[in-house]
Amino acid sequence: MVRVTVPATSANMGSGYDSIGIALELYNVIDIEESDHIDIIDKNGQFVPKDARNLIYQCAKRVYDECGKPLAGLKIIEDCAIPQTRGLGSSSACTVAGILGANALLGEPLSRQDVIDLAATIEGHPDNSTPAILGGFCVALLEDGHVWNVRVPVHGAIDFIVFIPDFKLSTEKARAVLPKTIAHHDAVFNLARAALLAGSLTTGKLENLDVATGDCLHQPYRFGLIDNGEDIVRGAKELGALGTFISGAGPSIIALVYKGDRDYLTRAQAMCKEKYPHWKPIVLRCDEVGAVTKWI
Ligand code: HSE
């Protein structure tokens, strides 16, 4: 049996809409082996289809199809800690798990770049799927089936406080509210900040992060779908966050926090308990490893 461990991811990070993402230390662990039928077991109570509609199964089957190999069925055991539909890359993690699991079962016919390309092509969001595979902070764009990507080191002084609400927001709904075209000055606003973000995260120029996570391409439109989202952003900044943004398409919100600020989580928990009981903050570090496949 093959075990694939895939990290959560946070896409966009404010200014890097559809192009920047980071892997976080929260994991889906998927065990997978060939079988004569489809057998899907969920270990922690999240809803997962138990038939051929299952995303992990579909992605694994796609690899078998592309390699011209027949597949009767798979046994898949899912232990998924990444909450679904919260902007933390749960579907990317399942996509990557299915591809890497099948690739291992078939004796690694796909290269790492093949896996990156296929994951982004299936998933549609290279800013999630690429850091899920490579770990760390990635810049990625998908063009004609190929993902141009770079993994950039993140300065060690930053923690990620992830405010997760008890409600869901589908990516489809969160993309439907975005305008079809934007003004030239809005494009410039974001591209300058996305470049500043990449450089500042790498070098640890923490004082840039508030400006560098600024965005006018997607967040202003999405806050209307996230109850108390702007309040969380404001509160997180008042508590001392270095920068804040909607994680992926939302609804989770992330605050970048100086690692030396050891009480930040306690202050964030107190704020949510008192004012925003539908939100729960947790602290996560950047995952530096990415997806891991091993035989068990
Ligand atoms: N960049 C994508 C979006 C991420 O913001 O819609 C979706 O997970």
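Residues numbered from 1 in each chain as written. Predicted model: local features only at pLDDT ≥ 70, side-chain atom pairs only at ≥ 80, totals over all residues. Heavy atoms only, no water.

Colleague: I keep staring at the overall build of the chain and nothing clicks. Help me out?
Modeller: From N to C terminus, the chain includes 10 helices and 11 strands. For 296 residues, the compact-globule estimate of 2.2 N^0.38 gives 19 Å, and the chain sits close to it at 19 Å. In the chain, buried positions account for 53% of the 296 residues. As displayed, the chain has an accessible area near 12,800 Å², and 53% of this comes from carbon and sulfur atoms. (Helix = DSSP H or I, 4+ residues; strand = E, 2+ residues; numbered from the N terminus. Rg over C-alpha atoms; globule rule 2.2 N^0.38 Å. Buried < 20%, exposed > 50% of the residue type's maximum accessible area, 1.4 Å probe, protein only. Areas by Shrake-Rupley, 256 points an atom, 1.4 Å probe, with all protein chains shown as cover.)

Colleague: Looking at this structure, how should I read the site of the ligand?
Modeller: If you check the shell around the ligand, you find A11, N12, Y17, D18, H125, D127, N128, T171, R175, R222, G248 and A249 and nothing else. Within the side chain of N12, a nitrogen or oxygen atom sits 2.8 Å from an oxygen atom of the ligand. Taking N128, its side chain carries an N or O atom lying 2.7 Å from an oxygen atom of the ligand. Relative to its unbound accessible area of 260 Å², the ligand is 95% covered by the protein chains. A majority-of-atoms criterion places the ligand in the largest pocket. Every element with two or more residues in the shell around the ligand is listed here: helix 4 (126–134) and helix 5 (171–176). For the shell around the ligand, the residue count by class is three nonpolar, five polar and four charged. Mapped onto the domain boundaries, the shell around the ligand takes at least three residues apiece from domain 1 (2–153 + 287–295) and domain 2 (158–283). (Near = heavy atom within 4 Å. Polar contact = N/O pair within 3.5 Å; in protein donor to acceptor, adjacent residues only side chain to side chain. 1 Å grid on protein atoms, 1.4 Å probe; cavity = no way out; pocket = protein on both sides within 12 Å on 5 of 7 lines; lining within 4 Å. Sits in = over half its atoms within 2 Å of the grid points. Nonpolar A, V, L, I, M, F, W, Y, C, P; charged D, E, K, R; others polar. Domains from an automatic or database assignment.)

Colleague: Any chance you could explain the packing of helix 9 (residues 229–238) against helix 10 (residues 264–275) here in plain terms?
Modeller: Working note: a packed helix pair is described by the angle between its axes plus the distance between those axes. For the pair helix 9 and helix 10, interaxial distance at closest approach is 10 Å and the crossing angle is 140°. In terms of orientation, helix 9 and helix 10 fall into the oblique class. Helix-helix and strand crossings are classified by hand; for helix 9 and helix 10 the assignment is right-handed. Only Y264, M271 and C272 of helix 10 make contact with helix 9, whose side of the interface consists of I232, G235 and A236. Split by residue class, the contact of helix 9 with helix 10 holds five nonpolar, one polar and no charged. (Axes fitted to C-alpha atoms, helices over the stretch in contact; angles between N-to-C directions. Parallel < 35°, antiparallel > 145°, perpendicular 65-115°, else oblique. Left-handed = near helix turned anticlockwise from the far one by under 90°. Contact = heavy atoms within 4.5 Å.)

Colleague: In this structure, what is going on with the packing of aromatic side chains? I would like to understand it.
Modeller: Each aromatic ring pair is summarised here by two numbers: the centre-to-centre distance and the angle between the ring planes. According to the stated counting rule, one finds one aromatic pair in the structure shown. Seen in terms of ring centroids, F167 and W279 are 5.8 Å apart; in terms of plane orientation they differ by 85°. Their pairing is edge-to-face. Remark: W279 occurs in strand 10 (residues 279–284) and F167 occurs in the loop between strand 7 (158–165) and helix 5; sequence separation between them is 112 residues. Here F167 falls in the partly exposed class, since its relative accessible area comes to 22%. (Phe/Tyr/Trp six-rings, centres within 6.5 Å; stacked < 30°, edge-to-face > 60°.)

Colleague: When you look at the layout of surface pockets in this model, what are you seeing that I'm missing?
Modeller: One water molecule sets the probe size; rolling that probe over the atoms shows where empty space is left. Space inside the largest pocket adds up to approximately 590 Å³. T85, G89, S90, S91 and T171 are the residues nearest the centre of the largest pocket, which is lined by 38 residues in total. Of all the secondary-structure elements, those providing two or more residues to the lining of the largest pocket are helix 1 (55–66), strand 4 (73–80), helix 2 (90–105), helix 4 and helix 5. Tallying contributions element by element places helix 2 first for the lining of the largest pocket, with three residues. Its residues assigned to classes, the lining of the largest pocket shows 14 nonpolar, 16 polar and eight charged. Both domains that furnish three or more residues to the lining of the largest pocket are identified here as domain 1 (2–153 + 287–295) and domain 2 (158–283). Here the second largest pocket defines a volume of roughly 210 Å³. (Points joined across faces, edges and corners; volume = space filled by probe spheres on them.)

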